[in-house]
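If you want the building blocks of each chain, they are given just below.
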Amino acid sequence: MTARARVAVHKFSSCDGCQLAFLNLGPALLDLAAAVDIVHFAEAGPVDPEAEVDIAFVEGSITTPEDAHRIQTVRARSHHLVTIGACATAGGLQALRNGEDLEAWLGHVYAHRDFVAALPESTPIAEHVKVDFELWGCPINARQVLAVTNALLLGVTPSDEAEKVCLACKRAGAVCVMVTRGVACMGPVTRTGCGAICPRFGRDCYACYGPAEGVNTRALTTRFEGLGLAPEDVARRLRFINNAAPAFREAARTVTGDD
Amino acid sequence: MTERTVDIRVPILARVEGEGALHLAIRAGAIETLQLRIYEPPRLFERFLVGRSFTEVPDMVARICGICPVAYQISAVNALEDAFEVDPGPWVRDMRRVLYCGEWIQSHCLHIHLLAAPDFLGYADGIAMARDHGEVVRRGLALQALGNDLMRMLGGRSVHPVGVRVGGFHRAPEVAEVDAMLERLEAARADALALVEWTATLPLPDDRQDFDSVALRHRDEYPMHAGRIVSDRGLDLDVHDYERHFVEEHREQSTALFSLLDGAPYLVGPLARLNLARDQLPEPLRARLPARPSFPSTNMFDSIVARAIETAFAIGEAARLLGRYRRPDAPAVAVTPREAVGIGASEAPRGLLWHRYETDAAGLVRHARIVPPTSQNQARIEQDLHASLAAFGLDHDDDALRLRCEQVIRNYDPCISCATHFLRLTTERS
């Protein structure tokens, strides 16, 4: 009998919401713990950050010199490294500070700037180490983590859900909010996986799952302008949860005419 | 006693939410230094909000905390509706309370079963505890799942839900969804009362201290979605006057700010709420509470019982509000932005959460200020650590001292801006 798989959940700069994909499993959490050895997951209890593991799930972006060092150790000790969520995969909402005057911004929030250690930019894990699989989403959900865990344990490549929210909407029979009500919905350029919850709630998708495959951001931003959005309003739609994802960052630059 | 020099480094304190450090130095049998340091990487939300439309604020502030996103959303819409002089009416009020009940149930059950209880029963974590206390842990995780599903009904998902907007909700649940949820809530009442009984039997230390409790107070309901700010020393403030009495300081080596009430530490959270508003629990629930511990309580270790009582309350409260559910014609009222200042507060699972926004005529945010519960509790946690260690006795071995420090900190369920989980304890003795 082969040894039980060893799993770790590591945390960098984030809101903890993606770790809840595990902690909110309900009684299924106990079933997962029975199937694998969870050797490091500080919020749940087990602490062994330098343990060798088969699968390391990594939440959060890199924002401090110490964390830039720590992710190297995690990579070296992990067979598979899987990023979970928008922070780890695209730098997160906190990447809104990239390219801004961080010194001035820290001064805006903290009285004593010199007490706070921070790198100039918030960066995704893949800018620092090789990532084996990325789970997009803010937040990711239980279905995603269980699917990727099972795939890796069975030795198969996890399937990458890169199609657009629009397709999930159509399958769910949801009425298109953009076509019927002129709402500036990000669904046509956003990756599925959420279950198209926003359009199904009658509101705009705000791209919390990041860019889909083969997106035509130009067509969408032109459509938004046709709906009456000013360029800065269009840019804000792109510069949100996944603002540092290249497809959104470039599209926002094109809209505002920045270099 | 033999003189010894000890240097303990615990790089990671498990089962708390947040990145911080504790420095404990003991010399000549006395605490020389005891400082809670928080060095979670700064995420600068107050700055990110500047230039954003009011319509984006609920989705943005949710990302401050994956465990209590509803609290951030409700305090924010309270503040923005205050700024725009919008009254979304009784249906929206009821449903926001129901959504909030879901978050309390989820957050409290997570904390009780996976973060706090293992300490008192001698287990490393909730999963290990489940091997001997399987029914208790499964019951707790099932209650947590019920809280999540309640949030899902009104928000689409439980982490960063998408249902709340300024003026109301994006969608009203169908009557059939509400009826199915009501059945589950009714069925969970007995489990919640059993949970209260169980927490009351835990071997909790008895450590009475003198502190001020602060919470919202609502005219006719247990505090949750709105109210005035009151304390057990007679403070009674409109939320607009918060800044006249509460001041945040930035201290060295901390990325969270310390908040003080008229210059002194104070407590927010479940124990503070129960201390101040136990008279507002429904009579049938009060009648079924265990005789011990009794509230008001000055023993922070009773917080776990307070969380269980609030869980039972939230299940009953959600059932009460959904019992009178009528699907409205529209789930939100129209909102016209204007140049204004708005202030809003609500009771996050961990305590009072206060927001202030300045907007321009188009409804873009000019300035934002957010005071989370954990920065309010931070000074109180330090004060408690001093008192608790003195009462406990400093000549215990390092493991026992460390465990006691961790337990004291966990009583507050700190969500240190909901970031990383490292609390470094360095003990120096000579």
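What you are looking at is a predicted structure, and each value in this text was computed from that prediction instead of being measured.

Draft legend 1. Examining the sheet that holds strand E14 (residues 365-371) of chain B more closely. All names here are of chain B. Read from one edge to the other, the open sheet built from three strands follows the order E12-E13-E14, with strand pairing classed as antiparallel. What marks the edges here is a single partner per strand, and that holds for strand E12 (340-348) and E14. The sheet shows a mean angle of 15° between the axes of neighbouring strands, direction not considered. Along the sheet, helix H3 (residues 69-83) makes contact with E12, strand E13 (351-359) and E14, crossing E12 at roughly 150°.

Draft legend 2. Quick peek at helix H3 (residues 65-76) of chain A. All names here are of chain A. Across its twelve residues, H3 extends 18 Å between first and last C-alpha, which sits within 8% of the 16 Å expected from 1.5 Å per residue. Taken together, the buried positions of H3 are occupied by Asp67, Arg70, Ile71, Val74 and Arg75. For H3, the angular spread of buried residues about the axis comes to 140°, placing them on one side. Exposed residues on H3 whose side chains face more than 90 degrees from its buried face are His69 and Ala76.

Draft legend 3. Summary view of the pattern of salt bridges. Under the defined criterion, the tally for this structure stands at 53 salt bridges over all chains. Among the ionic pairs, Lys11 of chain A bridges to Asp16 of chain A, the shortest N-O distance being 3.4 Å. Looking at Lys11 of chain A, the relative accessible area reads 4%, which means it is buried. On the basis of relative accessibility, which here comes to 0%, the residue Asp16 of chain A falls in the buried class. Between Arg152 of chain B and Asp149 of chain B there is a salt bridge; the shortest N-O distance is 2.4 Å. With Arg152 of chain B and Asp149 of chain B both in helix H6 (residues 134-155), this residue pair falls three residues apart, about one helical turn. Residue classification places Arg152 of chain B among the partly exposed positions, given a relative accessible area of 39%.

Draft legend 4. Just the confidence of the model for chain B, in detail. All names here are of chain B. The predicted model of chain B has a mean per-residue pLDDT of 89, with 88% of residues at 70 or higher. Taken as a whole, residues 417-426 scores under 50 in pLDDT and shows 74 contacts with residues more than four places along the chain or in a different chain. Scoring of the predicted complex yields 0.94 for pTM and 0.95 for ipTM.

Draft legend 5. Just unusual backbone geometry, in detail. For the peptide bond that leads from Cys138 of chain A to Pro139 of chain A, omega is 5°, which places it in the cis range. Note that Pro139 of chain A resides in the loop between strand E5 (133-135) and helix H6 (142-154). Note that the residue after Arg292 of chain B, namely Pro293 of chain B, is joined by a cis bond; omega there is -5°. Its place among the elements puts Pro293 of chain B in the loop between helix H10 (283-287) and helix H11 (303-323). One non-glycine residue, Ala207 of chain A, lies in positive phi territory at about 65°. Position of Ala207 of chain A among the secondary structure elements: in the loop between helix H9 (197-200) and helix H10 (217-226). Overall, Ala207 of chain A belongs to the buried group, its relative accessible area being 2%.

Calculation rules
Residues numbered from 1 in each chain as written. Chains lettered and ligands numbered in written order. Predicted model: local features only at pLDDT ≥ 70, side-chain atom pairs only at ≥ 80, totals over all residues. Heavy atoms only, no water. Pairing = 2+ DSSP bridges. Helix = DSSP H or I, 4+ residues; strand = E, 2+ residues; numbered from the N terminus. Axes fitted to C-alpha atoms, helices over the stretch in contact; angles between N-to-C directions. Contact = heavy atoms within 4.5 Å. Expected span 1.5 Å × (residues − 1). Buried < 20%, exposed > 50% of the residue type's maximum accessible area, 1.4 Å probe, protein only. Arc of directions from axis to C-beta. Salt bridge = Lys/Arg side-chain N within 4 Å of Asp/Glu carboxyl O. pLDDT = per-residue confidence, 0-100.

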